[in-house]
Amino acid sequence: MTSTPALSVHDVTRTYGDPGNPVRALDGVTLTVAPGTFTAVMGPSGSGKSTFLNCAAGLESPSSGRILIGGEDVTDWSESRRTVLRREKIGIVFQSFHLMPYLNAEQNVGLPARLAGGRPDKARIRELLAVVGLAERSRHLPAELSGGQQQRVAIARALVGNPAILLADEPTGALDSASARDVLALLRTTVDTLGQTVLMVTHDPVAASYADEVVFMVDGLVAGRMGQPTAEAVAGQMAHLDDLVKVTS
Ligand SMILES: Nc1ncnc2c1ncn2[C@@H]1O[C@H](COP(=O)(O)OP(=O)(O)OP(=O)(O)O)[C@@H](O)[C@H]1O
Ligand SMILES: [Mg+2]
């Protein structure tokens, strides 16, 4: 059975800087993410992971190539259409949680609906706060929550619109290892029980081992992939990325 990919990226390039001295952050990335799967993206600093995620999220436009979300080609969409796309089809989580400090957990999760001019769905918000294990903390402000709890609120907020894909850029980068494990287990649960699609950038082989597949990026290219990753296998591959580049070039 073939199903429409949650995310499909075709030969995407992204160049920064002036034409005389360009930085080619993405050099022709092609990647398909099946719905209901958990993919980790790893690679050295500067290899283009965040640029890739931002292009997939519609936060940046690729210089060339195509991006499809849920089968729909969104490459040439205007900024206003992409704003709606991000609200309706994409959930985004960053290393720093980006919660509104003066809104409590429940209000933060309800914020996307408010920004869209609608009324937050209270039942849905309660359900999601329960999924992320914070049913008892719904009235707490971010400052009254631990880093891990704040990130779980951010994940609930990212899921509230029922997105085609949840994109996470180093979601555990600012957390201690116990909180990181909670967040990773939560992401895994959203895939296994809600059928959510997750794409996560990480530097941590242990974090990557929660995914179904790891995609290795080197110099703005997908240099290799690994199914059923273990932390040891991922760490071993990260130590020998040159081998992948030799194989693919
Ligand atoms: N706004 C920008 N202007 C110019 N160059 C940029 C810009 N954003 C990123 N770059 C460059 O593009 C390349 C890829 O950057 P990117 O942030 O995607 O890397 P990364 O893999 O996420 O790295 P890290 O692991 O450190 O977060 C780098 O060489 C970076 O310096
Ligand atoms: Mg980055």
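Residues numbered from 1 in each chain as written. Chains lettered and ligands numbered in written order. Predicted model: local features only at pLDDT ≥ 70, side-chain atom pairs only at ≥ 80, totals over all residues.

J.: Explanation requested: the nonpolar core in the structure shown.
T.: Across soluble globular proteins, nonpolar side chains have a tendency to be buried as a group. Counting 67 residues, the largest nonpolar core has Val41, Ala56, Ala156, Ile165, Leu167, Met200 and Met217 as its most contacted members. When neighbours within four sequence positions are excluded, Met217 is seen to be in contact with Val41, Gly43, Ser47, Gly48, Lys49, Phe52, Val222 and Ala223. (Core = buried A, V, L, I, M, F, W, Y, C linked by C-beta atoms within 7 Å. Buried ≥ 20, exposed ≤ 12 C-beta atoms within 10 Å, placed from the backbone. Contact = placed C-beta atoms within 7 Å.)

J.: Would you explain the packing of helix H3 (residues 105-115) against helix H4 (residues 122-131) in this entry?
T.: The axes of two packed helices give the description: the angle between them and the distance between them. Closest axis-to-axis distance for the H3/H4 pair is 10 Å, and the angle between their directions is 120°. In terms of their interaxial angle, H3 and H4 are classed as oblique. Considering how the two elements wind past one another, H3 and H4 form a crossing that is right-handed. Contact with H3, carried on its side by Ala105, Glu106, Val109 and Gly110, involves Ile125, Leu128 and Leu129 of H4 and no other residues of that element. Considering only residue class, the contact of H3 with H4 consists of 5 nonpolar, 1 polar and 1 charged. (Axes fitted to C-alpha atoms, helices over the stretch in contact; angles between N-to-C directions. Helix = DSSP H or I, 4+ residues; strand = E, 2+ residues; numbered from the N terminus. Parallel < 35°, antiparallel > 145°, perpendicular 65-115°, else oblique. Left-handed = near helix turned anticlockwise from the far one by under 90°. Nonpolar A, V, L, I, M, F, W, Y, C, P; charged D, E, K, R; others polar.)

J.: How should the packing of helix H5 (residues 147-159) against helix H6 (residues 177-194) be read in this particular structure?
T.: The contact between H5 and H6 brings their axes to 9 Å, and the two run at 20°. Relative to H6, the element H5 is oriented roughly parallel. Classified by chirality, the crossing of H6 by H5 is right-handed. Between H5, through Gly147, Gly148, Gln151, Arg152, Ile155 and Leu159, and H6, the contact on the second element is made entirely by Ser179, Asp182, Val183, Leu186 and Thr190.

J.: Explain the site of ligand 1 here, please?
T.: Lining the immediate environment of ligand 1, one finds Tyr16, Gly17, Val23, Ala25, Gly43, Ser45, Gly46, Ser47, Gly48, Lys49, Ser50 and Thr51. Sort the elements by how many residues they give to the shell around ligand 1 and helix H1 (residues 49-56) lands first, with 3 residues. When grouped by side-chain class, the residues that make up the shell around ligand 1 number 3 nonpolar, 8 polar and 1 charged. (Near = placed C-beta within 6 Å.)

J.: I would appreciate a short explanation of the pairing of strand E8 (residues 198-201) in the present structure.
T.: Taken residue by residue, a regular strand's side chains alternate between the two faces of the sheet. Along E8, one buried face is formed by Val198 and Met200 and the opposite face, lined by Leu199 and Val201, is buried too. Bridge count between strand E7 (residues 165-169) and E8: 4 bridges; the pairing is parallel. The partner of Leu166 across the bridge, within E8, is Val198. (Pairing = 2+ DSSP bridges.)

J.: What exactly am I supposed to notice about the sheet that holds strand E2 (residues 23-33) here?
T.: Adjacent strands of a sheet pair through backbone hydrogen bonds, lying either parallel or antiparallel. Across the sheet, which stays open at both edges, the 4 strands sit in the order E2-E1-E4-E5 with antiparallel pairing between neighbours. Since the sheet does not close on itself, it has two edges, and those belong to E2 and strand E5 (72-73), each with one partner. In this sheet, strand E4 (residues 64-69) lies alongside strand E1 (residues 7-16) in antiparallel orientation, the contact comprising 5 bridges. Considered in E4, the bridge of Ser8 is made with Leu68.

J.: Please clarify how the pairing of E1 should be interpreted in this entry.
T.: Relative to E2, E1 runs antiparallel, the two being bridged by 8 bridges. Paired with Leu7 across the two strands is Val33, which belongs to E2. Connecting E1 to the next strand, E2, in antiparallel fashion are 6 residues, including Gly17 with a positive phi near 85°.

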